[in-house]
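Secondary and tertiary structure notes
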Amino acid sequence: MAMVNPYYPIPIKIKKIIPETPTITTFILDGKPMQFEAGQFMELTVPGIGEAPFTPSSSPYADDLEFTIMKVGRVTSSLFSCKEGDTVGVRGPFGKPYPLDKFRGKEIYIVGGGVGFAPLRSLFLALLHNIKDYKKLYIRYGARTPEDIVYRRLLPEWENTKGVDIVLTVDVGNNSWKGNVGVVTVILDDIPVDVAKSPAIVCGPPIMLKFVTQRLIEAGFNHDSIYLSMESNMSCGIGKCNHCRIGEYYVCKDGPVLTWDEIKHIEEPFV
Ligand SMILES: Cc1cc2nc3c(=O)[nH]c(=O)nc-3n(C[C@H](O)[C@H](O)[C@H](O)COP(=O)(O)OP(=O)(O)OC[C@H]3O[C@@H](n4cnc5c(N)ncnc54)[C@H](O)[C@@H]3O)c2cc1C
Ligand code: FES
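Quantities reported herein were computed from a predicted structural model and do not represent experimental measurements. (Residues numbered from 1 in each chain as written. Chains lettered and ligands numbered in written order. Predicted model: local features only at pLDDT ≥ 70, side-chain atom pairs only at ≥ 80, totals over all residues.)

A word on the overall build of the protein
- Of regular secondary structure, the protein possesses 7 helices and 15 strands.
- Principal-axis analysis of the C-alpha atoms places the extent of the protein at approximately 50 × 45 × 35 Å.
- Buried residues in the protein amount to 42% of all 271 residues.
- Across the protein, the fraction of contacts at a sequence separation of at least 24, relative to all contacts at a separation of at least 6, is 71%. (Helix = DSSP H or I, 4+ residues; strand = E, 2+ residues; numbered from the N terminus. Buried ≥ 20, exposed ≤ 12 C-beta atoms within 10 Å, placed from the backbone. Contact = placed C-beta atoms within 7 Å.)

So, the environment of I49
- For I49, the position within the fold is in the loop between β3 (41–46) and β4 (50–54).
- Overall, I49 belongs to the partly exposed group, with 15 C-beta atoms counted inside 10 Å.
- Linking I49 and V75, residues 26 residues apart in sequence, is a C-alpha distance of 6.5 Å.
- When residues no more than four places from it in sequence are discounted, the contact partners of I49 are R74, V75 and S78.

What to know about unusual backbone geometry
- Backbone torsion omega between G92 and P93 reads 0°, so that peptide bond is classified as cis.
- The step from G255 to P256 runs through a cis peptide bond, and the omega angle for that step is 5°.
- In this structure, P256 sits in the loop between α6 (251–254) and β15 (257–259).
- The phi torsion at Y151 lies on the positive side, around 60°, for a residue other than glycine.
- With respect to the secondary-structure elements, Y151 resides in the loop between β8 (136–143) and α4 (155–159).
- The phi dihedral of N242 falls on the positive side, at around 75°, and the residue is not glycine.
- Looking at the secondary structure, you find N242 in the loop between β12 (226–229) and β13 (245–246).

A word on the sheet that holds strand β2 (residues 24–29)
- An order of β4-β3-β6-β1-β2-β5 is seen for the 6 strands of this open sheet, with the pairing classed as antiparallel. The open sheet is flanked by β4 and β5 (66–70), the only strands paired with a single partner. Strand-to-strand, the axes of this sheet are offset by a mean angle of 40°, without reference to chain direction.
- Note: strand β1 (residues 10–19) against strand β6 (residues 87–94), 4 bridges, orientation antiparallel. When the bridges of β6 are listed, P11 appears paired with G89. (Pairing = 2+ DSSP bridges. Axes fitted to C-alpha atoms, helices over the stretch in contact; angles between N-to-C directions.)

Considerations on the domain arrangement of the protein
- The assigned domain composition of the protein is domain 1 (10–94) and domain 2 (100–229).
- If you average the C-alpha positions of domain 1 and of domain 2, the two centres end up 23 Å apart.
- Taken residue by residue, the interface counts 15 residues in domain 1 and 13 residues in domain 2.
- A breakdown of the residues in the side of domain 1 that touches domain 2 according to their chemical character gives 7 nonpolar, 7 polar and 1 charged. (Domains from an automatic or database assignment. Nonpolar A, V, L, I, M, F, W, Y, C, P; charged D, E, K, R; others polar.)

Here we look at the sheet that holds β12
- If you trace the 7 strands from one edge of the open sheet to the other, you get β10-β9-β8-β7-β11-β12-β15, paired in mixed fashion. The sheet is open, and its two edges are formed by β10 (180–181) and β15, each paired on a single side.
- Summarising the sheet, strand β11 (residues 200–203) and β12 pair through 3 bridges and their orientation is parallel. Across the sheet, the residue bridging to I201 is Y227, located in β12.
- Strands in contact with helix α3 (residues 117–129) are β7 (107–113), β8, β11 and β12; relative to β7, the strand with the most contacts, it is inclined by about 160°.

Considerations on the environment of F211
- Looking at where F211 falls in the secondary structure, it is placed in helix α5 (residues 206–219).
- Expressed as a C-alpha distance, the spacing of F211 and V183, which sit 28 residues apart in the sequence, is 9.9 Å.

Notes on the site of ligand 1
- Around ligand 1 there are 21 residues in total, and A52, G73, V75, T76 and P256 lie nearest to it.
- Elements that contribute at least two residues to the shell around ligand 1 include exactly β4, β5, α1 (74–81) and α3.
- Residue composition of the shell around ligand 1, by class: 14 nonpolar, 5 polar and 2 charged. (Near = placed C-beta within 6 Å.)

Here it is in structure tokens:
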């Protein structure tokens, strides 16, 4: 694959659009112009509107690049008006990947909230690709309501995969929901992994990161084994513009995933 200039977006067509929830949609692009590793992010450009950072939700081993995106503002609303066949731009990858070599042979405890399942799906698929290298994969995921659960179309297959254990919860149920009700920490009361040896990987809204981190610390996970996806305003993506600073870190370059050990001295890390 040719060297790509990280400053220039590569044009790429949208191959397929899959609505996941009323506010979250997966965009499958037609190919993968650059390689990436799980945890790295890219800048997605809507021509004439602007760009925003997103972590691919597809496996690094897949042929097409996918992003699962929540509609929140200017760039994401424009993306939601795109149709299959439209062209967007992508540049990257940026940031550091998850240290998968450190995870080998271990139980992996993954905790997601809302659209935070998107980057975690990429990690999960990368782990699944070499599932024999890991002891067991645990996913704990919370959404606002049953309609807000992303990847419902894919969950039955994942739930039936040997070596995978998935538990879901919703903040507010409905008549047909028979599962857990309550914020994601309600399904973290009983943590079935060897906490002293396992990595915990968390992605979700800042408030969720805060409470899940508290719970994981209380449960006994090592501070340098709690991996948190940090969101911050980004511009250049390569450590030049200062937009993404959290404490002494450039989230674009030193992150976007940082461990609790790295950020615990920062006064308000989850804003
Ligand atoms: C490394 C990284 C990876 C990311 N990966 C993903 C991903 O896989 N999927 C995804 O959907 N998003 C992801 N995000 C968040 C995404 O970058 C923002 O949602 C996006 O920049 C919003 O752009 P916008 O122009 O649509 O909104 P703006 O016009 O910039 O913002 C409009 C309003 O929405 C609010 N807002 C912005 N972001 C969010 C948010 N995330 N949640 C709630 N309100 C928000 C702002 O405070 C503002 O009030 C990621 C962010 C980072 C830093
Ligand atoms: S986005 Fe420019 S320094 Fe991080």
